[in-house]
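# Descriptive analysis of the structure
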Amino acid sequence: MIEFLHSVSAYLETFLDAISGNFWLTFFFIFGVAIGEAVFILGLFVPSTPVLLLAGGIIAEGRLPFWEVYLAAVTGAVIGDAISYTIGFWLKDRVKTIWPFKNHLPLIAKGEVFFAKHGGKSVFIGRFIPGVKAVVPGIAGMMGMQYRYFTIINVVSAFAWAAAHILPGMLLTHWLKSIGLSLELVIVVGAIILTVLFLVLHYWKRILLFFAPWLGEFGKSIQTRWRKPETPH
C-alpha cells in the first residue's frame, strides 16, 4: 500500500509540476477534481485527497498560488455537491434502478441511514468521510432537504473541506523538507494523518467507550451515559 501511494505521489507530482506553469490549466484541473469528488457515486473513483495534498505541497514550495488553487477546490466542491443534490432531488427513489447508481445500493442505503441519523448536518460531516461523501448530497436531494439550507451547509463545508486537504499538504511539506525528506511523501504521510483524524472525529464516542475502563470516574460516567441499556429477553 505504501509503495502504491508513493507511486501515485510521484506521478501526481510530475503531472502537477508540468501544468503548474499554466495558471488556467492548473485551476481547471483542481476545479474538475473537486467537482468529480463530490458527484453522486462518481466521487468514489476520483482521488481528490492525494491531488489536494500534493497541490498544497507544491504551493508551499512556491510553484502554485494558494488562493487560486484553494478557491478552485472550494468552487468545484460546491458545484459537485449541488449536482449530486439535483440528481437525487429529480430522480428520488428511481435512482436505485438506474445505472450506475443501482450498482451501489448498499452504499446508498448506508447514506440514507447516515442522513436519517444526522439530518442536515450530515452534508457537512459526510464530506469528510470516505465512501459516504459520494452519496450524502444525493441522499439529501432524495429526502427533499430544503435547497436553501442545503446550499448554506454545502458552501460552508466546501471551504472547510478544501482547507482540511490543502493546508496539511503545505504544513507537511515544510516539515518533511526540514528533516530532509521528499515532497512525494506528502501523500503517504498526509493520507495516513487525515484517515486517522477523520476516523477519530467520526467514531470518537466508540473510542472513548473503549478506553473508559482506564479513565476512572470520568470513564464510568460516559459508560453510564452512552451505553445502550440491554433489552430484556
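Quick note: structure is the one above.
Residues numbered from 1 in each chain as written. Predicted model: local features only at pLDDT ≥ 70, side-chain atom pairs only at ≥ 80, totals over all residues. Heavy atoms only, no water.

On the surface, Ile207, Phe210, Phe211, Trp214, Leu215 and Phe218 cluster together into a nonpolar patch covering about 660 Å² of accessible area. A per-element tally of the nonpolar patch places helix 10 (residues 204–211) first, with three residues. In this structure, Trp214 sits in the loop between helix 10 and helix 11 (216–226). (Patch = residues over 30% accessible without salt bridge, like charges linked within 9 Å, V, L, I, M, F, W, Y side chains within 5 Å. Areas by Shrake-Rupley, 256 points an atom, 1.4 Å probe, with all protein chains shown as cover. Salt bridge = Lys/Arg side-chain N within 4 Å of Asp/Glu carboxyl O. Helix = DSSP H or I, 4+ residues; strand = E, 2+ residues; numbered from the N terminus.)

Here the amide bond leading from Trp99 into Pro100 is cis, since omega sits at 5°, within 30 degrees of zero. Relative to the assigned elements, Pro100 resides in the loop between helix 4 (66–91) and helix 5 (105–118). Positive phi outside glycine occurs at Ile41, with the angle close to 70°. With a phi close to 50°, Lys92 is a non-glycine residue in the positive phi region. Tracing the chain through its elements places Lys92 in the loop between helix 4 and helix 5.

Under the criterion given, the structure shown has five salt bridges. For Asp93, the salt bridge identified is with Lys96, shortest N-O distance 3.8 Å. Asp93 sits in the exposed class, given a relative accessible area of 52%. In this structure Lys96 comes out as partly exposed when scored by relative accessible area, which is 28%. Across the pair Lys96 and Glu112 runs a salt bridge whose closest N-O atoms are separated by 3.0 Å. (Buried < 20%, exposed > 50% of the residue type's maximum accessible area, 1.4 Å probe, protein only.)

This part takes up helix 2 (residues 23–38). With 16 residues, helix 2 ought to run about 22 Å at 1.5 Å a step, and its terminal C-alpha atoms sit 23 Å apart, in line with that. Those residues of helix 2 that fall on the buried side of the exposure criterion are Thr26, Ile30, Phe31, Val33, Ala34, Ile35, Gly36, Glu37 and Ala38. (Expected span 1.5 Å × (residues − 1).)

On to the nonpolar core, then. Counting 29 residues, the largest nonpolar core has Ile30, Val69, Ala73, Trp161 and Ile166 as its most contacted members. Secondary-structure elements contributing two or more residues to this core are helix 1 (2–19), helix 2, helix 3 (48–60), helix 4 and helix 8 (147–178). Among the elements that line this core, the one with the most residues is helix 4, at seven residues. If we skip the residues at most four places from it in the chain, Ile30 touches Val51, Leu52, Ala55, Val69, Ala72 and Ala73. Grouped together as the second largest cluster of nonpolar side chains are 21 residues, Ile41, Ile139, Met145 and Ile153 included. (Core = buried A, V, L, I, M, F, W, Y, C linked by side-chain atoms within 4.5 Å. Contact = heavy atoms within 4.5 Å.)

As a further point, take the side chain of Lys133. With respect to the helices and strands, Lys133 occurs in the loop between helix 6 (122–126) and helix 7 (136–142). What makes Lys133 buried here is its relative accessible area of 16%. Polar side-chain contacts of Lys133 include one of 2.8 Å to the side chain of Glu37. Setting aside its immediate chain neighbours within four residues, Lys133 contacts Glu37, Ser48, Thr49, Gly126 and Arg127. (Polar contact = N/O pair within 3.5 Å; in protein donor to acceptor, adjacent residues only side chain to side chain.)

Given the relative accessible area of 33%, Lys92 is considered partly exposed. In this view, Lys92 contacts Ile87, Gly141 and Met142; residues no more than four positions away in its chain are not counted.

Looking at the element boundaries, Ala55 is found in helix 3. Owing to a relative accessible area of 0%, Ala55 belongs among the buried residues under this scheme. Along the primary structure Ala55 and Phe66 are separated by 11 residues, whereas in three dimensions their C-alpha atoms are 9.1 Å apart. If near-sequence neighbours (up to four positions away) are discounted, Ala55 is found in contact with Leu16, Ile30, Leu64 and Val69.

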